[in-house]
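Survey of secondary and tertiary structure
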Amino acid sequence: MRTVLLILCLLILRLPLDAQVAYPPMHRLTWEEYVGTLTHWRQKFAGRMTLESRGMSGQNMPVYLLKITDAKVPSADKQVCLVTTLHSGPERTGTTGALAFAEWCLSDDPLAVETRRKQIILVMPCVNPLAMFYTDRFRNEHGVDPYTGGGRLGKIWDVKTLTLTKPEDAPELTAVLSVIDEHRPEVHADLHGTGLQEYAAAQLGARRMYHGQIMTEVTGGAYSNYALRPWDWRVTEAMIEAGRAAGFPSDRFEADAQRTFWGPELAPLGRKLWHGMPLFYSAHYGYAKYHSMILTQEVAWEQSLVARMQGLMRIGNGVWLDERTPGYPVNRMRHFVGHYVTAYGKTAAERRASRVELWNQQSDFAAGFLYPQTVGRESFVVATTAEAKQAIGRNDFRAVLGDAAAEVERFIKAGPEIKVAMEQTTEQLLAAKTDAEFTHGIGFRLRLPYRAPKQMEIRLNGAVLKEDAADGYESWYADGFTQVQVNVPPQKLSKKGLYFVTCAYTPDVERPTGWMPPAEVQKKCATEKLDATPATFTDVPYGDHFRQTMDVWLASQGKSSPVVFYIHGGGWAAQDKTDIHQHLDVRAFLDAGISVTSINYRFLMDANAAGIKPPLQWPLQDAARALQYVRSKAEEWHLDKQRIAASGVSAGGCSSLWLGMHDDLADPKSTDAIARESTRLLFTVTKAPQASFDPQQLVEWIPNSEYGGHAFGQPMSKSRKETFPLFFAEREKLLPEIRRWSPLAHASAGDPPAYIIYTKEDKPPVKGEVQTDPSHSVLHALMLQEALRPFGVSCEVHYPNDGKPATTMQELLMQHLKSDQP
């Protein structure tokens, strides 16, 4: 707040004299008045307050502690809230705000009465009295700032050991730490404010603030340090709302500034980030040691501070949003993705003892759950010893649970989850050497995302738990979840250090999971058929590139089955292996005893990026490699190597024909067993394939041809019509490659039969006539038929109005794979 206050003060000093008269000087609290007030309260409210000195500040000035509570009510079930003023002195409204709050706590206000019955309020109104009443500077006589722990030569904090390197130089801070150590509070609220901290020595004058001197109030945190705030923003919002109801608004830090937090990798963004940083300040001591919830507040008006603290007191008096016992939300000691280790205890004092003990041991815990999480099943596993961690690492629960592991194993096997997902790696678990030691019991919190789940069965290490707040489980609906709290009393702590909680339940409502494309898209993509026919193996890799995968459907494992080898279309630049369901009925093949594979392959764009010329060679080479891979798995998958038919549409059909026409690509001398496999086919069944890439030949048959340029390196960003003339112009240079990769160029005796279907011909096919769809014209097939005729190779072509019975790829594949002759 120093920068803000400095600007404010400079503006004030520049105002005309008559403008300053409207803001008369404020009374300056004296040491005698301060001590007199505390002494007066102690005498007047003997049953509500005690007063003690916790140390001596400079000039032998005591650092006082007020303990406010109803002495008639036992303390065992009371929350503890500590209020300090680590920047008291120059930030005077922090101290006066603390006094105003203490005064309210001692009053007969119904909320104050309830608070005294349910809480112990510890107030240290003036941590640095020398600064407050004499110097108006942050540091004490030894140059130490109690708030930050900064000294003349840097921080006096050893954060690793949570000790002061020179405690004798920080008696005020030592006094605060002694209170934290004794009471281990649930909450520590540190108050700040406005005062004379930015006034130069020459400006201090009578050391009096003026009426109307304020600041922007903030609740819950500090501008300089965003680690000084409650971990639950709802606590802060409850306090802000209480202040707002009393007429006092609060700034919300980075939210109001619309900035994101700073971090090491974000540092280059500099002034675009929220300027506060996560730093260790003295208030973190209680969090680090006792899991106390910390918060800071800036005070302009004492009444505002009282209102906001009333909001905090209501939280401590009541039951938090997702809890069942009254108190502040401070009892979760370890977390792993919505699963929590919690403190144990029937009273606040018992939970405090458990909280402190577990908090300082939880770093030696290993936590996990069955993954993925599944409707109707929840779990939480926590290992607190090296032996238990190692057992989890070996997946050997019997080593620590004995026969009780059988029920845990049954639960695991009954579900679809794939593993026990732990926050540590298997290597870390197996190398574990440390044990956590605790004696005050332990709790575990699971949350079910349903309001009223039925038939809940909660087990711990295989044993069924009964509903019992002290020894068993509790469940209740809160904050959108059914909360399941498992409580393990001290006498039932696991000797081996393994806690495996399982929860089986039936949801009270059915909720669909998964999103589906629009009906029109589903129809086009044959989504229903895809879902109804899951592959035996999905995404089986046949190469290193991510596209080099296939899906495999295996027929019943009797005798070796024939195979449909499907290659999808898309101009070698689009679509994927699921395209098979748009053209073939996989289930019908399986029912007929025919296995099916559908491959993905590297696209032209992948080849272009790798500098491969022509790019077409990659998808065609992949088709060959995938076919060889399928043959290499024939024994394992019970496939008939001799009865494999390739099939595809458009570019996939072209690839199929290229495999069918090409000589065997097997390399019998290769050290790679897959490469030694044959690429010969029993026959091919294709739809609308391209048979040749020779632009001269294409134009002779189809004058308006436009296909092929992109397959031989022409820019894919341009249209086929734009690239075909460029392709034609390079024909002579590219002719060896064109012949190498064109199916028709490999036509020869001994090639397998080709069955080709066209379904969109709108006129009789005539060589040399313009075609409606030149890239998918039946003239491609007739061109191939003419080339194969001299070799006596069958090339059966089907198209509309050809005078032959209509047929489909499905029928042709089924007919010739099931018969003795292709």
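Residues numbered from 1 in each chain as written. Predicted model: local features only at pLDDT ≥ 70, side-chain atom pairs only at ≥ 80, totals over all residues. Heavy atoms only, no water.

1. What to know about the overall build of the protein chain
Quick note on the threshold: Numbering of helices and strands starts at the N terminus; helices are DSSP runs of H or I of at least 4 residues and strands are runs of E of at least 2. Restricting the calculation to C-alpha atoms gives the radius of gyration, and the globule rule supplies 2.2 Å times the number of residues raised to the power 0.38. Using a 1.4 Å probe on the protein chains alone, a residue whose accessible area is under 20% of its type maximum counts as buried, one over 50% counts as exposed, and one in between counts as partly exposed. We call two residues contacting when some pair of their heavy atoms lies within 4.5 Å. Method for areas: the Shrake-Rupley scheme with a 1.4 Å probe, in which residue coverage is limited to the protein chains shown. Residues counted as positive are Lys and Arg, residues counted as negative are Asp and Glu, and His and the chain ends are not counted. Throughout, a charge is located at the NZ atom of Lys, the CZ atom of Arg, the CG atom of Asp or the CD atom of Glu.
When helices and strands are tallied, the protein chain shows 28 helices and 30 strands. For a compact globule of 822 residues, the expected C-alpha radius of gyration is about 28 Å, and the protein chain comes in at 40 Å, more than 25% above that figure. Based on the C-alpha atoms only, the size of the protein chain along its principal axes is roughly 120 × 75 × 50 Å. Here the protein chain holds 822 residues, and 54% of them are scored as buried. Considering only contacts in the protein chain between residues 6 or more positions apart, those separated by 24 or more positions represent 74%. Total accessible area computed for the protein chain in this model is approximately 36400 Å², and 53% of it derives from carbon and sulfur atoms. Distance between charge centroids for the protein chain: 3 Å, based on 89 positive and 94 negative side chains.

2. Details of the pattern of salt bridges
Any two side chains of opposite charge can pair, given that their charged atoms come close. We apply this condition: Counted as salt bridges are all cases of a side-chain nitrogen of Lys or Arg within 4 Å of a carboxyl oxygen of Asp or Glu.
The final tally for this structure, using the stated rule, is 45 salt bridges. Arg-731 is the partner of Glu-732 in a salt bridge, and the nearest nitrogen-oxygen pair spans 2.8 Å. Note on Glu-732: relative accessible area 59%, which makes it exposed.

3. A look at the sheet that holds strand β28 (residues 683-687)
The condition is simple: Any two strands between which DSSP finds at least two bridges are classified as paired. Comment: axis = line fitted to C-alpha atoms, over the contacting stretch for helices; angle = value between 0 and 180 degrees taken between N-to-C directions.
Ordered in space as β23-β24-β26-β25-β27-β28-β29-β30, the eight strands form an open sheet in which the pairing is mixed. On the outer flanks of this sheet lie β23 (537-541) and β30 (795-798), each paired with one strand and no other. For this sheet the average axis-to-axis angle between neighbouring strands, irrespective of direction, equals 20 degrees. When β28 meets strand β29 (residues 754-757), the two strands line up parallel, connected through four bridges. Among the inter-strand pairings, Thr-684 is bridged to a residue of β29, identified as Ala-754.

4. A closer look at the nonpolar core
Note the following rule: Only buried residues count toward a nonpolar core, which is a set of Ala, Val, Leu, Ile, Met, Phe, Trp, Tyr and Cys residues joined through side-chain atoms within 4.5 Å.
Core analysis: the biggest nonpolar cluster contains 64 residues, and Phe-565 and Trp-572 have the highest contact counts within it. Grouped together as the second largest cluster of nonpolar side chains are 47 residues, Trp-31, Met-293, Met-309 and Tyr-328 included.

5. Looking at helix α25 (residues 720-729)
The cut-off we apply is this: Within this analysis, the arc is defined by the directions that extend from the helix axis to the C-beta atoms.
Regarding α25, the residues found buried are Thr-723, Phe-724 and Phe-727. Mapping the buried residues of α25 onto a view down its axis gives an arc of 115 degrees, with all of them on the same face. Exposed side chains of α25 directed beyond 90 degrees from the buried face belong to Lys-721 and Ala-729. The elements touched by buried residues of α25 are α24 (695-701) and α26 (731-741).

6. With respect to the confidence of the model for the protein chain
Note the cut-off: Think of pLDDT as the predictor's per-residue confidence, scored from 0 to 100.
Summarising the model, the protein chain shows a mean pLDDT of 95, and 97% of its residues fall at 70 or more. For the stretch residues 1-19, pLDDT sits under 50, and the model shows 22 contacts to residues farther than four places along the chain or on other chains.

7. Details of the pairing of β30
Note the cut-off: Think of it like this: strands point away, you trace from the first strand over the helix to the second, and a clockwise trace means the crossover is right-handed.
Bridge count between β29 and β30: four bridges; the pairing is parallel. Each residue of the ladder has a partner; that of Ala-754, found in β30, is Cys-795. Handedness of the β-α-β unit built from β29, helix α27 (residues 779-788) and β30 comes out right-handed.

8. Structural notes on helix α7 (residues 171-183)
Given 3.6 residues to a turn, an α-helix orients residues that are three or four positions apart in the same direction. As a reminder of what qualifies: Multiplying 1.5 Å by the residue count of a helix minus one yields the expected span of that helix.
Under the 1.5 Å per step criterion, the end-to-end length of α7 is 19 Å for 13 residues, consistent within 8% with the ideal 18 Å. Of the residues making up α7, those classed as buried are Glu-172, Leu-173, Ala-175, Val-176, Leu-177, Val-179, Ile-180 and His-183. Of the residues one or two after α7, Arg-184 is the one with positive phi, at around 45 degrees.

9. A look at the sheet that holds strand β2 (residues 61-68)
Within a sheet, adjacent strands bond to each other through the backbone by hydrogen bonds, running parallel or antiparallel. Taken in spatial order, the seven strands of this open sheet run β1-β2-β4-β3-β9-β11-β10, and their pairing is mixed. If you trace the sheet from one side to the other, it starts and ends with β1 (49-57) and β10 (219-220), each paired once. In this sheet, strand β4 (residues 119-123) lies alongside strand β3 (residues 79-84) in parallel orientation, the contact comprising five bridges. Within the sheet, the bridge partner assigned to Val-80 lies in β4 and is Ile-120. Helix α4 (residues 92-105) contacts β2, β3, β4, β9 (187-193) and β11 (293-299) of the sheet and is inclined by roughly 130 degrees relative to β9.

10. Brief notes about the packing of α4 against helix α11 (residues 302-317)
What counts here: We call two directions roughly parallel when the angle between them is under 35 degrees, roughly antiparallel when it is over 145, roughly perpendicular when it lies between 65 and 115, and oblique otherwise. Each crossing gets its handedness from the near helix: less than a right angle anticlockwise from the far helix is left-handed, clockwise is right-handed.
At their nearest, the axes of α4 and α11 sit 9 Å apart, and the two run at 55 degrees to each other. On the basis of their axis angle, the class for α4 and α11 is oblique. For α4 against α11, the interelement crossing comes out right-handed. Between α4, through Thr-93, Thr-96, Gly-97, Ala-100, Phe-101 and Trp-104, and α11, the contact on the second element is made entirely by Glu-302, Leu-305, Val-306, Met-309, Gln-310 and Met-313.

11. Details of unusual backbone geometry
Look at the link from Tyr-371 to Pro-372: it is a cis peptide, with omega at -5 degrees. At the junction of Lys-613 and Pro-614, the peptide bond is cis and its omega measures out at -15 degrees in the coordinates. Within the secondary structure, Pro-614 sits in the loop between α20 (604-609) and α21 (617-632). With phi around 60 degrees, Gln-59 is a residue other than glycine that occupies positive phi space. Considering the arrangement of structural elements, one finds Gln-59 in the loop between β1 and β2.

12. Digging into the packing of aromatic side chains
Inclusion rule: Any two rings among Phe, Tyr and Trp, with Trp reduced to its six-membered ring, count as a pair given centres within 6.5 Å; such a pair is stacked if its planes are under 30 degrees apart, edge-to-face if over 60, and tilted if neither.
Applying the stated criterion across every chain yields a total of 34 aromatic pairs. Seen in terms of ring centroids, Phe-397 and Phe-500 are 5.3 Å apart; in terms of plane orientation they differ by 80 degrees. Their pairing is edge-to-face. Taken as a pair, Phe-397 in the loop between α13 (386-393) and α14 (398-401) and Phe-500 in strand β22 (residues 498-506) lie far apart in primary sequence, 103 residues in all. Pair check on accessibility: Phe-397 and Phe-500 agree, each one buried. Following the ring pairs from residue to residue traces out a cluster consisting of Trp-572, Phe-693, Tyr-707, Phe-712, Phe-724, Phe-727 and Phe-728.

13. Here's the deal with the pairing of β1
In this sheet, β2 lies alongside β1 in antiparallel orientation, the contact comprising seven bridges. Each bridged residue has a counterpart across the sheet, and for Met-56 the counterpart in β2 is Pro-62. Here β1 folds back onto β2, and the loop between the two strands holds three residues, one of which, Gln-59, carries a positive phi near 60 degrees.

14. A closer look at the side chain of Arg-54
Applicable threshold: Pairing of N or O atoms within 3.5 Å defines a polar contact, subject to two protein rules: one partner must be a possible hydrogen donor and the other a possible acceptor, and residues neighboring in sequence count only if both atoms are side-chain atoms.
By the element assignment, Arg-54 lies in strand β1. Assessed through its relative accessible area of 18%, Arg-54 is described here as buried. Side chain to side chain, Arg-54 and Ser-178 meet in a polar contact 3.3 Å long. Setting aside anything within four residues of it in sequence, one finds Arg-54 in contact with Val-63, Leu-65, Met-124, Ala-175, Ser-178, Val-179 and Glu-182.

15. Examining the environment of Ala-175
Among the structural elements, Ala-175 can be located in helix α7. Each C-alpha atom, one on Ala-175 and one on Ile-644, is 86 Å from the other, the two residues being 469 residues apart in sequence. If we skip the residues at most four places from it in the chain, Ala-175 touches Arg-54, Gly-55, Val-63 and Met-124.

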